[in-house]
Amino acid sequence: MFASLLPGAPNLRNLVSNMVLHAGVAAQSATEGAVVGTMVHLTSATANSLIVHPGTTPAERAVLNAISGHLASGGIATADPFHELYRSCEQACAHLYGDAWSNPTPFELRSAVGHPRGLHDPYAVDGKTASPSDGRRVLLRVSTTRLGPEAYAVLPRVFLHELICHVGAGDGEDPDPLSPFAEGLMDWASLHYLEAWAPVLCGGFSNAAVIHAQASAGSFKAHPSTKAARETGQDAALMLVHQRASQPEIARLAIDLNAAGRSRESKNEFVRRVLGGRLDAASAPLSDVLDGRTSVEVLLDSL
Ligand SMILES: [Zn+2]
């Protein structure tokens with residue numbers, strides 16, 4: 001859509017790609033702020049001209065406004081929309097996890113040629129969390145040739161998945177793409193918090209962030225086995241909500257389970273028991289946890 005918006009003129013895809021390219025290069029040098037800042041000031045006029053263009057849709061305009069806002073407000077030192085958005089997400093997650101949170105090693109941005117997952121959809125970004133022994137660093141790969149407004153809008157979803165599901169995990173184990181707990185129940189919780197926090201984290205593009213978070217589900221779990229892990233955990237979450245009728249309460253339970261210093265296998269077993277009808281949020285022992293009468297650790301140890 002943007003490609004045909006202003007024939008012969010730089011379009012948003014180019015604008016964002018240029019920003020990413022320079023941010024990726026800058027992230028590996030000591031002059032990150034200056035390089036990114038110079039680039040975004042040069043390109044902010046392009047974003048502003050697209051905002052007022054009659055062919056721009058409201059959804060596109062929301063993303064452009066957000067980008068333009070980052071460009072205008074950040075100044076040289078902070079005008080890097082990727083690190084800035086990541087920092088906001090990280091702060092929100094630190095608050096969510098409280099004492100159980102320990103900051104991961106600094107966020108890393110890398111550029112990729114083409115779609116990082118080899119797909120043909122617009123979500124040309126990919127997130128990954130390093131192992132605990134490597135400080136659970138969050139790595140974002142972005143395509144310098146294909147990054148556009150949809151990919152930018154899905155970034156909060158990617159960041160919150162990595163931070164909530166993997167950085168906050170108290171299991172001390174490497175991330176496992178086949179875990180129904182980490183990739184299913186926790187992914188469901190991360191989407192819950194994205195929807196709750198989008199107005200604050202995303203400002204003008206909060207609706208676009210939620211729409212693309214939902215629309216991108218198939219892109220991030222394209223393989224049948226990872227898709228099955230996600231769906232299994234999501235089904236367990238929906239069963240718990242149905243039994244207890246409170247989405248925020250079950251999302252909070254997921255956070256507490258994830259933060260617990262217990263094995264991932266015990267947490268996967270939790271998901272299996274819920275799905276098998278052997279754990280019910282309305283009855284003990286799970287209701288005891290939800291009502292604060294016992295801890296998630298006691299529950300996990302009893303499985
Ligand atoms: Zn994951």
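Above this text you will find the structure in question.
This section reports on the structure supplied with the text.

The rules behind the values
Residues numbered from 1 in each chain as written. Predicted model: local features only at pLDDT ≥ 70, side-chain atom pairs only at ≥ 80, totals over all residues. Pairing = 2+ DSSP bridges. Helix = DSSP H or I, 4+ residues; strand = E, 2+ residues; numbered from the N terminus. Axes fitted to C-alpha atoms, helices over the stretch in contact; angles between N-to-C directions. Contact = placed C-beta atoms within 7 Å. Parallel < 35°, antiparallel > 145°, perpendicular 65-115°, else oblique. Left-handed = near helix turned anticlockwise from the far one by under 90°. Nonpolar A, V, L, I, M, F, W, Y, C, P; charged D, E, K, R; others polar.

**Regarding the sheet that holds strand β3 (residues 138-143)**
Item 1. Pairing is mixed in the open sheet, where three strands are placed in the order β1-β3-β2. Unpaired on one side and paired on the other, β1 (108-112) and β2 (125-129) mark the two borders of the sheet. Neighbour to neighbour, the strand axes of the sheet diverge by 20° on average, direction disregarded.
Item 2. In this structure, β1 lies alongside β3, joined through five bridges in parallel fashion. Across the sheet, residue Glu-108 finds its bridge partner in β3, namely Leu-139.
Item 3. Packing against the sheet, helix α6 (residues 155-167) makes contact with β2 and β3, and its axis sits at approximately 15° to β2.

**Overview of unusual backbone geometry**
Where the residue is not glycine, phi is negative for most of them; where a peptide bond is considered, it is trans in most cases.
Item 1. The peptide bond linking Ala-284 to Pro-285 adopts the cis configuration, its omega dihedral lying at 5°.
Item 2. By secondary structure assignment, the location of Pro-285 is in the loop between α12 (264-275) and α13 (286-290).
Item 3. Phi at Arg-136 takes a positive value of approximately 50°, unusual for a residue other than glycine.
Item 4. In this structure, Arg-136 sits in the loop between β2 and β3.

**Re the packing of helix α7 (residues 181-202) against helix α8 (residues 206-215)**
Item 1. Relative orientation of the contacting elements α7 and α8 amounts to 155°, with a least axis distance of 8 Å. Relative to α8, the element α7 is oriented roughly antiparallel. When the axes of α7 and α8 are compared, the crossing they make is right-handed. Seen from α7, the contacting residues are Leu-191, Leu-194, Glu-195, Ala-198, Pro-199 and Cys-202; seen from α8, they are Ser-206, Ala-209, Val-210 and Ala-213.
Item 2. Among the residues making up the contact of α7 with α8, the classes are represented as eight nonpolar, one polar and one charged.

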